[in-house]
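# Results of the structural survey
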Amino acid sequence: MRARALFTALLLSACTACASGPTLEDQGEVTAPPGDSSRLTVGSAGFTESDLLAQMYSLLLRQAGYETQIITVANRELYEPALESGRVDVVPEYAATFADWLNAKQNGPDAEPVGSPGLATTMKALRRLATPRGLTVLEPGKAVDQNAFAVTREFAAEHSLRTLSDLGASGVPVRLAAGDECVSRPYCRPGLERTYGIDVTAVDPKGVGTTQAKRAVQSGQDHMVLTTTTDATLDAFGLVLLEDDKGLQNADAVVPVVNRARAGNERVARSLDALAPVLTTADLADLNRQVDSWRRLPEDVARAYLEEKGLLGS
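Analysis parameters
Residues numbered from 1 in each chain as written. Predicted model: local features only at pLDDT ≥ 70, side-chain atom pairs only at ≥ 80, totals over all residues. Heavy atoms only, no water. Helix = DSSP H or I, 4+ residues; strand = E, 2+ residues; numbered from the N terminus. Buried < 20%, exposed > 50% of the residue type's maximum accessible area, 1.4 Å probe, protein only. Contact = heavy atoms within 4.5 Å. Areas by Shrake-Rupley, 256 points an atom, 1.4 Å probe, with all protein chains shown as cover. Axes fitted to C-alpha atoms, helices over the stretch in contact; angles between N-to-C directions. Parallel < 35°, antiparallel > 145°, perpendicular 65-115°, else oblique. Nonpolar A, V, L, I, M, F, W, Y, C, P; charged D, E, K, R; others polar. Pairing = 2+ DSSP bridges. Left-handed = near helix turned anticlockwise from the far one by under 90°. 1 Å grid on protein atoms, 1.4 Å probe; cavity = no way out; pocket = protein on both sides within 12 Å on 5 of 7 lines; lining within 4 Å. Points joined across faces, edges and corners; volume = space filled by probe spheres on them. Salt bridge = Lys/Arg side-chain N within 4 Å of Asp/Glu carboxyl O.

## Some words on the overall build of the protein
The secondary structure content of the protein amounts to 14 helices and ten strands. Per-residue burial for the protein yields a buried fraction of 52% across its 314 residues. A sequence separation of at least 24 residues applies to 77% of the contacts in the protein between residues at least 6 apart. For the protein, the exposed area adds up to about 13,900 Å²; of that, 50% sits on carbon and sulfur atoms.

And the structure:
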């Protein structure tokens, strides 16, 4: 289902149309009725989890009577304008990340972030920013893909660690495998030190959740790795997540975002909102594992999951 070249060409050829959404001068109250196009394009950001979510959205919409296609692009700077213009109708997004992205787009890169650990606060900010752009944000799900920190099972057992608070209370110095930005980002080293009192002695710049970073922790070169809550490979490296018990990370719940003029109909909302109370963070991590480790196709994994949960007729 991946069609990077097609999507890129489509976007380039549609640059005029991409500017046809609400202008900043026109943004305000949305008075146009929600649309209901019979053919909907679902966008994926090109990584496993986004592919899976796009497949699930597509299958649920087909069951509701829509014709669907999936197109893939890895760059939010391209697919978000396409979503505004109606070249893409539906995308899976992450609440806090998308809220901050739209906020920076509207108010500049130095704008104060609007995403927060509180989901209700984050969703309010996200909808306030999305609505004037002709976008409707549907219900957030149980599944959350946000930054997380993992240590080896042995390290956790040795120091009786279950939460990040436990690590701070232990007083154990920690060398952290993460991205370069971890040194200054509030959710990373500064937050670990301020919120949890963790003694981060150094940041080893090996990236977020990369194989290299996880191997460094597995081998004992580093003590903890910055990854995500839906990382499907932690078991393979003997790693376990420490609970973010004080809510350092923002509320990055999975949420569908639709173009109101083409997919703002209640039938679309009912179809996609059905997934929200069912799909959990643990489920999403397991589905990622099936694709990444078991080499199953995202469409097959998505279909089997929806059928198992009674959301899709077999």
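Back to the write-up after that little detour.
## Looking at the packing of helix 3 (residues 48-63) against helix 13 (residues 281-292)
Their axes nearest at 9 Å, the elements helix 3 and helix 13 cross at an angle of 105 degrees. As far as their axial angle goes, helix 13 and helix 3 are roughly perpendicular. On the side of helix 3, the interface is formed by T48, E49, L52, L53 and M56, while helix 13 contributes L284, L287, N288, V291 and D292. Classifying every residue of the contact of helix 3 with helix 13 by side-chain character gives six nonpolar, two polar and two charged.

## A short note on the pairing of strand 8 (residues 224-228)
With four of its five residues buried, strand 8 lies for the most part within the structure. Across four bridges, the pairing between strand 5 (residues 147-152) and strand 8 is antiparallel. Counterpart to N147 in the pairing with strand 8 is T228.

## Some words on unusual backbone geometry
One non-glycine residue with positive phi stands out, namely S160, at about 55 degrees. With respect to the helices, strands and loops of the structure, S160 is situated in the loop between helix 7 (153-158) and helix 8 (164-170). The backbone phi angle of R295 is positive, close to 60 degrees, even though this residue is not glycine. Position of R295 among the secondary structure elements: in the loop between helix 13 and helix 14 (298-308).

## A look at the packing of helix 13 against helix 14
Put simply, helix 13 and helix 14 touch, their axes get as near as 9 Å, and they point 145 degrees apart. In the crossing of helix 13 with helix 14, the sense of the turn from one axis to the other is right-handed. Across the interface between the two elements, D283, L287, Q290 and V291 from helix 13 touch P298, V301 and Y305 from helix 14. Across the contact of helix 13 with helix 14, the residue classes tally to five nonpolar, one polar and one charged.

## Regarding the layout of surface pockets
For the largest pocket, the calculated volume is near 1,300 Å³. Lining the largest pocket we find 41 residues, and of these T97, N147, R185, Y187 and D252 sit closest to its centre. Every element with two or more residues in the lining of the largest pocket is listed here: helix 3, helix 4 (76-85), strand 3 (90-94), helix 5 (95-107) and helix 13. Looking at the lining of the largest pocket, the element that brings in the most residues is helix 5, giving five residues. For the lining of the largest pocket, the per-class residue count stands at 16 nonpolar, 13 polar and twelve charged.

## Examining the pattern of salt bridges
Pairing between side chains of opposite charge can happen when their charged atoms approach one another. Within this structure, the stated rule accounts for 17 salt bridges. For R267, the salt bridge is made with D36, and the minimal N-O distance between the two is 3.2 Å. With R267 in helix 12 (residues 266-273) and D36 in the loop between helix 2 (15-18) and strand 1 (39-44), the pair connects residues that are 231 residues apart, well separated along the chain. Taking the relative accessible area as the measure of exposure, D36 reaches 38% and is therefore partly exposed. Between R153 and D235 there is a salt bridge, with the nearest N and O atoms lying 3.1 Å from each other. One end of the pair, R153, is in helix 7; the other, D235, is in the loop between strand 8 and strand 9 (239-242), and 82 residues separate them in sequence. Residues joined by salt bridges that share partners form a network here, namely E80, E84, K105 and R133.

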